[in-house]
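Inside the fold
Residue-level listing of the chains:
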Amino acid sequence: MLLDDLPDWLPAWCLDHLGDRPADVLFRQRSMSSVLGLRLAGGTYVVVKARHDDGRARSCVAAQARLAENGFPCARPLTPVVGVGPLAVHAEEFRPGGEVLHGDTPDLAVRYAKVFAQLMTALEDVAVTPPLPNPRWVRWDHPDPGLWPAIESLDEKDQSLVPAYVTDIADRARRRMLATDLPRALGHADFEAHNLRWHGGQVWIVHDWDSLAWQPEAALVGAASTVFPKLGPATLPPIESTEAFLAAYQDARARSFTAEEQQIAWAAGLWPAAHDIRWESLHGYTAVSGGALWTQAAERLRRANA
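Our subject in this report is the structure included herewith. (Residues numbered from 1 in each chain as written. Predicted model: local features only at pLDDT ≥ 70, side-chain atom pairs only at ≥ 80, totals over all residues. Heavy atoms only, no water.)

Here the focus is the nonpolar core. Within the largest apolar cluster, 74 residues are counted, with the highest numbers of intra-cluster contacts made by Tyr112, Phe116, Phe191 and Phe245. If you tally residues by element for this core, the top one is helix 8 (residues 259-282), at 11 residues. Dropping the residues within four chain positions of it, phenylalanine 191 is found in contact with Tyr112, Val115, Phe116, Leu119, Leu196, Ala224, Val227, Phe228 and Phe245. Grouped together as the second largest cluster of nonpolar side chains are 15 residues, Leu10, Leu40, Val82 and Ala91 included. (Core = buried A, V, L, I, M, F, W, Y, C linked by side-chain atoms within 4.5 Å. Buried < 20%, exposed > 50% of the residue type's maximum accessible area, 1.4 Å probe, protein only. Helix = DSSP H or I, 4+ residues; strand = E, 2+ residues; numbered from the N terminus. Contact = heavy atoms within 4.5 Å.)

This is the structure in structure tokens:
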């Protein structure tokens, strides 16, 4: 990407909030947010993130800043969130390096679970306004009519493309989760392999703090226990790997889940897979995890008491 292709507002924004103008573009990524890696004229490397301002970003960046101050492996925000028209924008330090950890075996699940436990422990000391609404792929607790959260770009498509078994699994899992009154906690709701980097056996950095959520701890852990291997399309690890993740998390936190928390964790693990397969089906993609969801659903729903 060339400097001339940068958004019109960005050079002045960098000068106002970082004290320097962009001199080079390192990378650009687009997903839910637009992420730009920049070298400023003075030689500093930064990352600027811009996303639709839905009211969540300020809490997410404030929590990220607190974690960075306390030594958790995440990028340190360099600015607060600033409104630019309809966008919420902030800058953070550039922390390259590390490798993606591939695989979904039980031993890898344990490594991910220990990091997630460290993350949840660190967030216990962070007091921010809950970042609501929760990210759409874990938004089973939405107030909208119908099963899925209202998302116009998805709702306007032909819903008959979504396999009936996916809808049924999502409905049963959601009903179980909505029946709980467990207290809510702050947690990372996009704990996927591509959002972590490792050096050897140690986590180097956890990315994507835009995706914090405010849900029962067991639901956050349950979702993480199924998305940790994800690198792209929908995925679902073996049941044994989810078992290993949940057990290692509880060991690291030095407490055991209650029977209800166990059920909520198993139910929550199904929702992201169902959401992803729905998304892929509506966009005409072949769902990679469809077979795994089909074969594992009965046992996962049994453990969820759903």
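With that settled, consider the environment of valine 84. Along the chain, valine 84 turns up in strand 4 (residues 82-84). For the pair valine 84 and isoleucine 151, spaced 67 residues apart in sequence, the C-alpha separation works out to 23 Å. Other than its neighbours up to four places away in sequence, valine 84 contacts Trp9, Trp13 and Val89.

Counting buried positions along strand 2 (residues 34-40) gives 6 out of 7 residues, so the element sits mostly inside the fold. Pairing between strand 1 (residues 22-30) and strand 2: 7 bridges, direction antiparallel. Looking at strand 2, one finds that arginine 28 is bridged to leucine 36. Between strand 1 and strand 2, which pair antiparallel and follow one another directly, the connecting turn spans 3 residues. Sheet topology note: the strand 2/strand 3 (residues 45-52) ladder contains 6 bridges and is antiparallel. From the neighbouring strand, leucine 38 faces strand 3, where its bridge partner is valine 46. Between strand 2 and strand 3, which pair antiparallel one after the other, the connecting turn spans 4 residues, and glycine 43 there sits at a positive phi close to 100 degrees. (Pairing = 2+ DSSP bridges.)

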